[in-house]
Amino acid sequence: MMGCGKSAVGAELAKLLSVPFLDSDGEIKKSEQMEIAQIFERFGEQYFRELESRTLDKLLHGGSKVIGGGGGMFMLERNRHMICEQGVSLWLKAEPDLLWERVRHKSTRPLLRTDDPYKTLRELLEERTPFYGKAQIAVEAEWGLTVPEMAAKVVRALADSELGIVAKLDENGT
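Treat the numbers as computed from the prediction; the structure is a model and nothing was measured.

**Thoughts on the overall build of the chain**
Turning to step 1, where the next piece is worked out: Along the backbone of the chain there are nine helices and four strands.
Turning to step 2, where the next piece is worked out: Starting at the N terminus, the α and β elements of the chain follow one another as α-β-α-α-α-β-α-β-α-α-β-α-α.
Turning to step 3, where the next piece is worked out: What you see for the chain is a C-alpha radius of gyration of 16 Å, in line with the 16 Å of a compact globule of 174 residues.
Turning to step 4, where the next piece is worked out: Each principal axis of the C-alpha distribution contributes one length, and for the chain these read about 50 × 35 × 25 Å.

Following this line, the structure appears as structure tokens:
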């Protein structure tokens, strides 16, 4: 979900795991040479979601990495399938007030360009939670945690999971 820390925590997690970090929105902005909000305005959400799926497919290939996906990416079944087949899905779970605190001053959130952005955020979270709940691992974001502390919490969750992803990374050196 927007504001949960996908980019900041993802980049820190990648450092801890000694793998690259790739941000799907960043890759889309680079390939389209425009901001996400501009893509939404010019072409619509459906077009953006198609771009997002194609970008995800490209990013999932080529070795171990951490990918930060857009908040709507996991809504599409084909994206969930790609992620869970080729990687590990992780939900940075945060309460609406924490998300709002992090996004309320940003003008780069096209889905929050409404008369009542806080209400819209809550509705988006409510709509998306059943899909996010399909992630293989969920880690609760907390007020006051620094980015390194949150990334360390994610590493512990990965290590404690039945997927054993951190152990596999350590064994293979990747």
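Let us keep going from here.
**Side note on the environment of Val103**
Turning to step 1, where the next piece is worked out: Residue position: Val103 is located in helix 6 (residues 96–103).
Turning to step 2, where the next piece is worked out: For the pair formed by Val103 and Cys4, sequence separation is 99 residues and the distance between their alpha carbons is 9.3 Å.

**Brief notes about the pattern of salt bridges**
Turning to step 1, where the next piece is worked out: Within this structure, the stated rule accounts for 10 salt bridges.
Turning to step 2, where the next piece is worked out: The partner of Arg104 in a salt bridge is Glu101, with the nearest N and O atoms 3.5 Å apart.
Turning to step 3, where the next piece is worked out: The class of Glu101 is partly exposed, set by a relative accessible area of 40%.
Turning to step 4, where the next piece is worked out: In the salt-bridge network here, residues are joined through shared partners; they are Glu45, Arg49 and Glu52.

**A word on the packing of aromatic side chains**
Turning to step 1, where the next piece is worked out: Evaluated as defined, the whole model comprises four aromatic pairs.
Turning to step 2, where the next piece is worked out: With 5.0 Å between their ring centres and 40° between their planes, Phe40 and Phe48 make a pair best called tilted. When sorted by exposure, Phe40 lands in the same class as Phe48, which is buried.
Turning to step 3, where the next piece is worked out: The interplanar angle of 70° and the centroid separation of 5.5 Å between the aromatic rings of Trp100 and Tyr118 together place this pair among those described as edge-to-face. Within this pair, whereas Trp100 is found in helix 6, its partner Tyr118 is found in helix 7 (residues 117–132), the two being separated by 18 residues in sequence.
Turning to step 4, where the next piece is worked out: Using a relative accessible area of 24% as the deciding quantity, one classes Tyr118 as partly exposed.

**Things to note about the packing of helix 2 (residues 24–32) against helix 4 (residues 45–59)**
Turning to step 1, where the next piece is worked out: Relative orientation of the contacting elements helix 2 and helix 4 amounts to 110°, with a least axis distance of 10 Å. Between helix 2 and helix 4, the crossing angle belongs to the class labelled roughly perpendicular. Facing helix 2, whose interface residues are Ser24, Asp25, Glu27, Ile28 and Glu32, helix 4 presents Tyr47, Phe48, Leu51, Glu52, Thr55 and Leu59.
Turning to step 2, where the next piece is worked out: Across the contact of helix 2 with helix 4, the residue classes tally to five nonpolar, two polar and four charged.

**Observations concerning the confidence of the model for the chain**
Turning to step 1, where the next piece is worked out: When the pLDDT values of the chain are averaged, the result is 90; 94% of them are 70 or greater.
Turning to step 2, where the next piece is worked out: In this model, residues 170–174 is a region of pLDDT below 50 whose contacts with residues beyond four sequence positions or in other chains number three contacts.

**Some remarks on the state of the cysteines**
Turning to step 1, where the next piece is worked out: Counting across every chain of the model gives zero disulfides.
Turning to step 2, where the next piece is worked out: You can see Cys4 has no disulfide; the closest cysteine sulfur is in Cys84, sitting 16 Å from it.
Turning to step 3, where the next piece is worked out: Of the residues examined, Cys84 reaches a relative accessible area of 29% and is grouped as partly exposed.

**Topic: the nonpolar core**
Turning to step 1, where the next piece is worked out: One finds Met1, Leu92, Leu99, Leu121, Val139 and Val154 to be the most contacted residues of the largest nonpolar core, which totals 35 residues.
Turning to step 2, where the next piece is worked out: Every element with two or more residues in this core is listed here: helix 1 (6–17), helix 5 (77–86), strand 3 (90–93), helix 6, helix 7, strand 4 (137–140) and helix 8 (147–160).
Turning to step 3, where the next piece is worked out: With five residues, the single largest contributor to this core is helix 8.
Turning to step 4, where the next piece is worked out: For Met1, the residues in contact, after removing those within four places along its chain, are Lys6, Gly71, Leu99, Leu121, Leu124, Leu125, Arg128 and Tyr132.

**Some points on unusual backbone geometry**
Turning to step 1, where the next piece is worked out: We note that Ser18 has phi near 55°; this positive angle belongs to a residue other than glycine.
Turning to step 2, where the next piece is worked out: The topology assignment puts Ser18 in the loop between helix 1 and strand 1 (21–23).
Turning to step 3, where the next piece is worked out: Classification of Ser18 by relative accessible area gives exposed; the value is 66%.
Turning to step 4, where the next piece is worked out: Here the phi dihedral of Gln33 falls at roughly 55°; this positive angle occurs in a residue that is not glycine.
Turning to step 5, where the next piece is worked out: Its place among the elements puts Gln33 in the loop between helix 2 and helix 3 (36–43).

Rules used in this analysis
- Residues numbered from 1 in each chain as written.
- Predicted model: local features only at pLDDT ≥ 70, side-chain atom pairs only at ≥ 80, totals over all residues.
- Heavy atoms only, no water.
- Helix = DSSP H or I, 4+ residues; strand = E, 2+ residues; numbered from the N terminus.
- Rg over C-alpha atoms; globule rule 2.2 N^0.38 Å.
- Salt bridge = Lys/Arg side-chain N within 4 Å of Asp/Glu carboxyl O.
- Buried < 20%, exposed > 50% of the residue type's maximum accessible area, 1.4 Å probe, protein only.
- Phe/Tyr/Trp six-rings, centres within 6.5 Å; stacked < 30°, edge-to-face > 60°.
- Axes fitted to C-alpha atoms, helices over the stretch in contact; angles between N-to-C directions.
- Parallel < 35°, antiparallel > 145°, perpendicular 65-115°, else oblique.
- Contact = heavy atoms within 4.5 Å.
- Nonpolar A, V, L, I, M, F, W, Y, C, P; charged D, E, K, R; others polar.
- pLDDT = per-residue confidence, 0-100.
- Disulfide = S-S within 2.5 Å.
- Core = buried A, V, L, I, M, F, W, Y, C linked by side-chain atoms within 4.5 Å.

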